Every structure is written in structure tokens, then in C-alpha cells.
Amino acid sequence: MAYLPRVRIFRHIPFLKTVFFYSITAFGGPQGHFGMMLKTFVQKRRYLTEEELIEYNSFCQLLPGASSTQTITLIGYKRGGLPLAILTLILWILPASILMGAFSFLLTLSPNKNLTEGLFKFIQPMAIGFLAYAAVRAFAISVTNFITQIIMLVAMFITFFLFKTPWIFPLLIIAGGIATSFSSKRIPQKENIKPRQIRWRNIWLFVFIFMIAGVLSETARKQEWEHRKVFNLFENFYRFGIFVYLSKRKVAKITVKLSILNLSK
């Protein structure tokens, strides 16, 4: 019966092909990715419903780190368990990593200093189009009653004036959850779901790795290990993945300030 896991993976090859083509065409950040997920995984392939995708995306928005990566990995996990989730994560990350690595050498070695202006000039309008499509689709699915309309208007007003405040996004998410808890119109609707037991082993493993990374990074820095930058870089990115709720531009600023500057010392 040892062939059963392999057979199960073969069953999901069409899903993995879809993930791969999605990974090489996704632009626009998590908000734009949502629209592409909706079109690719819900409307075309019907791997999940619109309500399920909304629920997955909302759950991942509560977590720090890359919500698009968390959402696509969660879809893989719900379809095929941990093995498929790992393969989905690899297929999602690998194309972007290869392309960005190639572009880093290309832009560094190219004599043309204005190469980026011609090479990426269409990325911004493409991202805006993806965002607009995702916003229209999400509006039709999510804003369906009075409480959701109030949440949308209040969040839009506050975000317009406090967009540059780092903590505005997690605070709005928490406030929206509190508001819906006092409403009879829930998102999603009320269901009698039996509470599941929390798997504390995974959480303690997560904390253990974080503590080990921090100790090794600080020890390497103080004792000036030869390869200390490897430990410092791993600890920095692990910490960013835990605490960062911000947009990509703000994450880039924090990365430059806390990671690159520290590693250059």
C-alpha cells in the first residue's frame, strides 16, 4: 500500500498545474491576487466556492506575513493535506524567486541604467486593473447587508486619512470583527460548528524555531562569527514574517532599515 500517497499526489497534478500558471501570472499584491484566485480557482476550475475563498482570505488577513502565500497554501492544504500544501507553496514561491534572482543579475550587469523603466512600465497599470477587478468582485460577495456597508464606509474613510499609519490595517480588521460580532448578520452566516482542538505542538515548534533563531543571530553578532550574516538574515526575515502586517512599500523600508543596514555592520 506504499503507492497510495503517490497516487493521491498524481490526482492533484491538474491542481498543481493551475497553481503554477497562476504563480507566473499573478501581479498586484494580495488584493490583486484575490481577484485572480477568484477567477482561476473558483470560476474556471471550481476547486472551491466564492464563500470558501472569502473565508480563507479573511482568515489569512488576520495573520502576519504574506496573505497571498498563506491563502494559496491553505487552498492546497484543504484539497490534499500537508503534502499538497508543501508542493503548492513551492510552486507558488519558486517562479517568482527565480525571476527576481535573474532580474537582480540582469539589472546589475546591464550597462543600460534605464532598463527598469522600459522593462516594468506595464506592471503598474496591470496591477491597477487586477485591483479594480478584485475590488468589484469582493464588493459583490462581501458587502451584502447593512453592517457590511457600514464597515466598508468607515474603513474607507479612516484608511483615506490614516493610510500612512502602520497599525491602521490590523486595527481595522479587529474592529470589523468586533462590529460583526454584535450584528445578527454574520460574515459568514452563523453555523453550528463544533470547536476543534488546537494543535499546540505546531505552535510550540513555531516559537521554538523563533527563539533558536534569535539566540543564534545575537550570538553570531556578538562573537563575530565568520558566517554571522546568514544567521542574522534568517532571524530578520523570520521576525518580519511574524510581525509585519504592512504594505509592500512599508515592508521594503523596514527591511532596509532593520535588515540591510544591520547586516552591513
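Caption draft 1: Looking closely at the overall build of the protein chain. Broken down by element type, the protein chain carries twelve helices and zero strands. Moving toward the C terminus, one meets the helices and strands of the protein chain in the order α-α-α-α-α-α-α-α-α-α-α-α. If you take every contact in the protein chain between residues at least 6 apart in sequence, the share linking residues at least 24 apart comes to 53%. Carbon and sulfur atoms form 68% of the exposed surface of the protein chain, whose accessible area is close to 19000 Å².

Caption draft 2: Expanded view of the nonpolar core. Counting residues in hydrophobic clusters, the biggest one holds 24 residues, and the most contacted among them are Phe 15, Tyr 22, Phe 41, Leu 48, Leu 53, Ile 72 and Ile 75. Listed by contribution, the elements that provide at least two residues to this core are helix 2 (13–23), helix 3 (29–44), helix 4 (50–61), helix 5 (67–109) and helix 7 (123–142). It is helix 3 that provides the largest number of residues to this core, a total of six residues.

Caption draft 3: Highlighting a nonpolar patch on the surface. Among the surface-exposed residues, Tyr 77, Leu 82, Ile 86, Leu 87, Ile 90, Leu 94 and Ile 98 lie close enough to one another that they form a single nonpolar patch of about 630 Å² accessible area. Secondary-structure assignment places Ile 86 in helix 5. A residue is classified by how much of its surface remains accessible, and Ile 86, at 43% relative accessible area, is partly exposed.

Caption draft 4: Structural view of the packing of aromatic side chains. The tally for this structure, following the rule as stated, stands at twelve aromatic pairs. Here Tyr 22 and Trp 92 contribute two aromatic rings whose centre-to-centre distance is 5.3 Å and whose plane-to-plane angle is 15°, an arrangement assigned as stacked. With Tyr 22 in helix 2 and Trp 92 in helix 5, this pair connects stretches of sequence that are 70 residues apart. For the pair Tyr 22 and Trp 92, a shared accessibility class is recorded, and that class is buried. Centroid distance Phe 160 to Phe 161: 5.1 Å. Interplanar angle 85°. Geometry classified as edge-to-face. Among the residues examined, Phe 160 registers a relative accessible area of 65% and is labelled exposed. What makes Phe 161 exposed here is its relative accessible area of 55%. Three or more aromatic residues link up through ring pairs in this structure, and these residues are Phe 15, Tyr 22, Phe 41, Tyr 47 and Trp 92.

Caption draft 5: Just helix 7, in detail. Compared with an ideal rise of 1.5 Å per residue, which puts 20 residues at 28 Å, helix 7 spans 28 Å between its outermost C-alpha atoms and is within 8% of the ideal. Along helix 7, the residues that are buried comprise Ala 127, Ala 134 and Ile 141. Down the axis of helix 7, the sector holding all buried residues measures 60°, keeping them to one side. Relative to its buried face, helix 7 has exposed residues pointing more than 90 degrees away, namely Ile 128, Val 136 and Ala 140.

The rules behind these values
- Residues numbered from 1 in each chain as written.
- Predicted model: local features only at pLDDT ≥ 70, side-chain atom pairs only at ≥ 80, totals over all residues.
- Heavy atoms only, no water.
- Helix = DSSP H or I, 4+ residues; strand = E, 2+ residues; numbered from the N terminus.
- Contact = heavy atoms within 4.5 Å.
- Areas by Shrake-Rupley, 256 points an atom, 1.4 Å probe, with all protein chains shown as cover.
- Core = buried A, V, L, I, M, F, W, Y, C linked by side-chain atoms within 4.5 Å.
- Buried < 20%, exposed > 50% of the residue type's maximum accessible area, 1.4 Å probe, protein only.
- Patch = residues over 30% accessible without salt bridge, like charges linked within 9 Å, V, L, I, M, F, W, Y side chains within 5 Å.
- Salt bridge = Lys/Arg side-chain N within 4 Å of Asp/Glu carboxyl O.
- Phe/Tyr/Trp six-rings, centres within 6.5 Å; stacked < 30°, edge-to-face > 60°.
- Expected span 1.5 Å × (residues − 1).
- Arc of directions from axis to C-beta.

Function cannot be read off these values alone, since they describe shape.
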